[in-house]
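Residue strings, one per chain:
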Amino acid sequence: MRIILVAVLSIGVLIADSQLQLLSSVRTAVATALTPVHWVINAPEGVLDWTESSIKSRDELQEENATLKSRLLILEAKSQRLSSVTAEVNRLRELLNASSIVDDSILVSEIIGVNPDPYLHEVIVNKGSEQGIFVGQPVLDSQGLVGQVTKVTPLASRVLLISDHNHAVPIQINRNGSRGILMGIGVLDKLELANVPDTADIREGDLLVSSGLGGRFPPGYPVAKVSSIVHDPGEPFAKIEAVPLAELNRSRHILMVFRRPEPIPQATDKEEVSETTAMAR
Amino acid sequence: MQAASKDHPSHLLFISSLFLAFCFSVVPLQGFANNLRPEMICLVMFYWTLKYPHHYGILVGWLVGLCWDVLLGTTLGVHALALALQTYLILTMIQRLKMYPLLQQSFVVLMVVGIVLMLYRWIDGFFSQPARDMAYLLGAVVSALCWPLLAIIMGRIDRA
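Residues numbered from 1 in each chain as written. Chains lettered and ligands numbered in written order. Predicted model: local features only at pLDDT ≥ 70, side-chain atom pairs only at ≥ 80, totals over all residues. Heavy atoms only, no water.

Enquirer: Teacher, can you tell me more about the overall build of chain A here?
Expert: When helices and strands are counted, chain A shows five helices and 12 strands. Looking at the 281 residues of chain A, the share that counts as buried comes to 33%. When contacts within chain A are restricted to residue pairs at least 6 apart in sequence, those whose partners lie at least 24 apart make up 57%. (Helix = DSSP H or I, 4+ residues; strand = E, 2+ residues; numbered from the N terminus. Buried < 20%, exposed > 50% of the residue type's maximum accessible area, 1.4 Å probe, protein only. Contact = heavy atoms within 4.5 Å.)

Enquirer: What should I look at first to understand the packing of helix α1 (residues 11-26) of chain B against helix α3 (residues 58-72) of chain B in this one?
Expert: For any two helices packed against each other, the geometry comes down to the angle between their axes and how far apart the axes lie. Residues and elements named next belong to chain B. The contact between α1 and α3 brings their axes to 11 Å, and the two run at 35 degrees. Where α1 crosses over α3, the two elements pack in a sense that is right-handed. Residues Phe14, Leu18, Phe22, Ser25 and Val26 of α1 form the contact with α3, whose participating residues are Val60, Val64, Cys67, Trp68, Leu71 and Leu72. (Axes fitted to C-alpha atoms, helices over the stretch in contact; angles between N-to-C directions. Left-handed = near helix turned anticlockwise from the far one by under 90°.)

Enquirer: Could you clarify how one ought to interpret the pairing of strand β11 (residues 237-244) of chain A in this entry?
Expert: One face of the sheet, then the other: side chains in a regular strand alternate in exactly this way. All names here are of chain A. For strand β8 (residues 190-197) and β11, the ladder comprises five bridges, and the chain directions are antiparallel. Directly across from Val196, in β11, lies its bridge partner Ala238. Pairing geometry for strand β10 (residues 222-230) and β11, over six bridges, is antiparallel. In the strand pairing of β11, Ala224 is matched with Pro244. Hairpin connection, β10 to β11: the antiparallel pair is bridged by six residues. (Pairing = 2+ DSSP bridges.)

Enquirer: What am I meant to see in a nonpolar patch on the surface here?
Expert: A cluster of nonpolar side chains, namely B:Phe32, B:Leu36, B:Leu138, B:Val141 and B:Leu145, defines an oily patch on the protein surface of about 460 Å² accessible area. Among the structural elements, B:Val141 can be located in helix α7 (residues 138-159). (Patch = residues over 30% accessible without salt bridge, like charges linked within 9 Å, V, L, I, M, F, W, Y side chains within 5 Å. Areas by Shrake-Rupley, 256 points an atom, 1.4 Å probe, with all protein chains shown as cover. Salt bridge = Lys/Arg side-chain N within 4 Å of Asp/Glu carboxyl O.)

If you want it as structure tokens, here you go:
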């Protein structure tokens, strides 16, 4: 008898959670109570880190310091050029009456857990709503786009990776700007470009960057590199695979992106409308 | 093993064994090893229900399953229903199950955990992409192989 009661209760909870989003407070409370589980799992890593940092010899530290300094110099030099280039791009965009590119602010966070489900690509990071993380926030690592935040608790949040079955990113080809949708297929080092016609101008090695369409991911972040293109005459679309640039299964530190609100473009409406209608004709 | 069982379980032991099982179920594993992870939470709950059916019944199983859902970030109620079903299955055949030798119990574990995993995948398939293959059932096989060892160790600790 009790099993029927529990089954009905489960179905009620399933619907309340998945369709009506009523139980987030229950989830948050239980998740906070279960945080020690993640502490225990990360303890060995923490001990390793601590021993490594406290046992390192003076020579090693000096050497590391030197390499880091030289790396910093190189990056600074590059960023100097970048700032002048950004300024120039913004000037040109102003000439075109388009909104200028704004720097996004970024919060570094650490991966503290991986979802054990082999069919789900999801990681848990150590920043939550207390640090301002929100659902839908884009996540990067030093190489490229990693994914987006799907669940937030006060001290931790879950990030769905771009390689997951349920994930898709709107992208454009960096070389010529043509757009597409990059789908995860449940394999960590492979993504698929959906519905690309056989005649599209795309080559192996093309860089795919986020297009910003859909409003979730900021435009211009590198996502993947095209690795193979197969034209099958029997299929309506080409089969295009890409390799994600982000180190999805290796990076330990990832970056949560906070977008500053973009300045509203002062569009000269009439001109633009007449231009587009003219083009449509 | 059953002869020495006390009437009242140690709640502290129950909670600490469950805590360890929770930790074990989210330890990151690489690649295919992920499919071979024994379902420690199922096994631990199997032990407690088998030994103290009056204390750890369907509702306890359901609540533990709810915590499991939160830990994995799945839709609330999926693991809860699966674990409640496991408890129910054990309770329906508990008289025989207690008489079985460990190896025969292992076989029942294989069946029950297999059913739990299939039920979980089936319900979860409604809310996200369904599983591509049946490799997840290997978890039930590994769980069955782990059962005798777990039962002996837990029995020792419980009696002490």
